[in-house]
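Fold and geometry: a report
As a plain string of letters, each chain reads:
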Amino acid sequence: AQNIIPSKRQISETDVKNGLTEALIRGSQISVNKASSFNGFYLNNSLKILMPKEAKKMKEKLIKLGFKKHVDDFELSMNRAAENASKDALNIFAEAINNITIRDAFSILNGENDAATNYLKKETHQFLYNSCKPIIRSAMKGVSVSKQWTFLVTQYNAIPLTEKINPDLEDYITNKAVNGLFVLIALEEIKIRNNPSARTSEILKKVFN
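Throughout what follows, the structure given in this document is the object of discussion. This is a predicted model, so every value here is computed, not measured.

About the criteria used
- Residues numbered from 1 in each chain as written.
- Predicted model: local features only at pLDDT ≥ 70, side-chain atom pairs only at ≥ 80, totals over all residues.
- Heavy atoms only, no water.
- Helix = DSSP H or I, 4+ residues; strand = E, 2+ residues; numbered from the N terminus.
- Lys, Arg positive; Asp, Glu negative; His and termini not counted.
- Charge placed at Lys NZ, Arg CZ, Asp CG, Glu CD.
- 1 Å grid on protein atoms, 1.4 Å probe; cavity = no way out; pocket = protein on both sides within 12 Å on 5 of 7 lines; lining within 4 Å.
- Points joined across faces, edges and corners; volume = space filled by probe spheres on them.
- Nonpolar A, V, L, I, M, F, W, Y, C, P; charged D, E, K, R; others polar.
- Core = buried A, V, L, I, M, F, W, Y, C linked by side-chain atoms within 4.5 Å.
- Buried < 20%, exposed > 50% of the residue type's maximum accessible area, 1.4 Å probe, protein only.
- Arc of directions from axis to C-beta.
- Contact = heavy atoms within 4.5 Å.
- Axes fitted to C-alpha atoms, helices over the stretch in contact; angles between N-to-C directions.
- Parallel < 35°, antiparallel > 145°, perpendicular 65-115°, else oblique.
- Left-handed = near helix turned anticlockwise from the far one by under 90°.
- Salt bridge = Lys/Arg side-chain N within 4 Å of Asp/Glu carboxyl O.

**With respect to the overall build of the chain**
- Helices and strands together make up the secondary structure of the chain, namely nine helices and zero strands.
- In sequence order, the chain lays out its α and β elements as α-α-α-α-α-α-α-α-α.
- The C-alpha extent of the chain, read off along each of the three principal axes, is 70 × 30 × 30 Å.
- Between the centroid of the 30 positive side chains of the chain and the centroid of its 22 negative side chains there is a distance of 5 Å.

Written out as structure tokens, the structure is:
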């Protein structure tokens, strides 16, 4: 540890691992709580899920035809599905965090402001996707995502000379939900690294000062 971080000679390998573990757990807990709260996605401009890019023309056309409320309701339903699915992410994060090694911990500590987030993303993204997708599928039914999408597509396809579209909404919303969690975790990591007031325990102060 002394050879890797000379400026932190008083920090043991155990301290570094414990400090990074606590930072990741704290960031994950706060992020999951924010994302899974009511309007956690919908009222956060960094996370809000809008209609898929391939449906941009459809959105613009339907709004011009007076279907703005239906478009808004559909986008709201996608965000509600993501908020519901985010609730179960913490266990997956916790398992990956508990498996962090000393080597990983030092690499993260010396890395960029989002090094811990990138580590967590590498270790958990696929697991999160696989876990969230069936929840998204169920949540989509609960908030009528598919029903509202079918209505919008039907209205759009009735317009002459329109190009038919049919994006995979389950995949789209799942990826948006998972990526949104990492956006929030990165913000929490930056706070801990750069804002002393965010280091709320002795181990965080010791490792990140």
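Additional details are given in the paragraphs that follow.
**Quick look at empty space enclosed by the protein**
- Counted by the stated rule, this structure contains two cavities of 30 Å³ or more.
- If you trace the largest cavity, you find it lined by A23, L24, G27, A116, T117, I185, E188, E189 and I192.
- Contributions of two or more residues to the lining of the largest cavity are made by α1 (13-36), α6 (115-142) and α8 (169-194).
- Across the lining of the largest cavity, the residue classes break down as five nonpolar, two polar and two charged.
- Within this model, the second largest cavity holds a volume of roughly 30 Å³.
- Listing elements by their share of the lining of the second largest cavity, those giving two or more residues are α1 and α8.
- When residues in the lining of the second largest cavity are grouped by element, the largest group, three residues, is from α8.

**Things to note about the nonpolar core**
- With 62 residues, the main nonpolar core has L20, M58, F93, W149 and I173 as its most contacted residues.
- Per-element tally for this core: the top contributor is α8, with ten residues.

**Section: helix α4 (residues 90-98)**
- Of the positions making up α4, those classed as buried are I92, F93, A96 and I97. Projected down its long axis, α4 shows its buried positions confined to an angular sector of 130°, all on one face. Relative to its buried face, α4 has exposed residues pointing more than 90 degrees away, namely N91, E95 and N98.
- Buried positions along α4 lie against α1, α6 and α8.

**Thoughts on the packing of helix α3 (residues 68-86) against α8**
- At a minimum axis distance of 9 Å, the contact between α3 and α8 shows a crossing angle of 60°. In terms of their interaxial angle, α3 and α8 are classed as oblique. Crossing of α3 against α8: the hand is right-handed. Note on element contacts: α8 touches α3 through L169, Y172, I173, A177 and L181, opposite F74, M78, A81, A82 and S86.
- Class assignment for the residues of the contact of α3 with α8 results in nine nonpolar, one polar and no charged.

**Observations regarding the pattern of salt bridges**
- One pass over the structure, following the stated rule, counts eleven salt bridges.
- The partner of K206 in a salt bridge is D15, and the shortest N-O contact between them spans 2.9 Å. Placement of K206 in helix α9 (residues 202-208) and of D15 in helix α1 is noted, with a sequence separation of 191 residues between them.
- Owing to a relative accessible area of 41%, K206 belongs among the partly exposed residues under this scheme.
- On the basis of relative accessible area, D15 is assigned to the buried category, the value being 13%.
- Across the pair E202 and K205 runs a salt bridge whose closest N-O atoms are separated by 3.8 Å. Highlighted residues: E202 and K205, both in helix α9, separated by three residues, approximately one helical turn.
- The network of salt bridges with common partners includes K34, E188 and K191.

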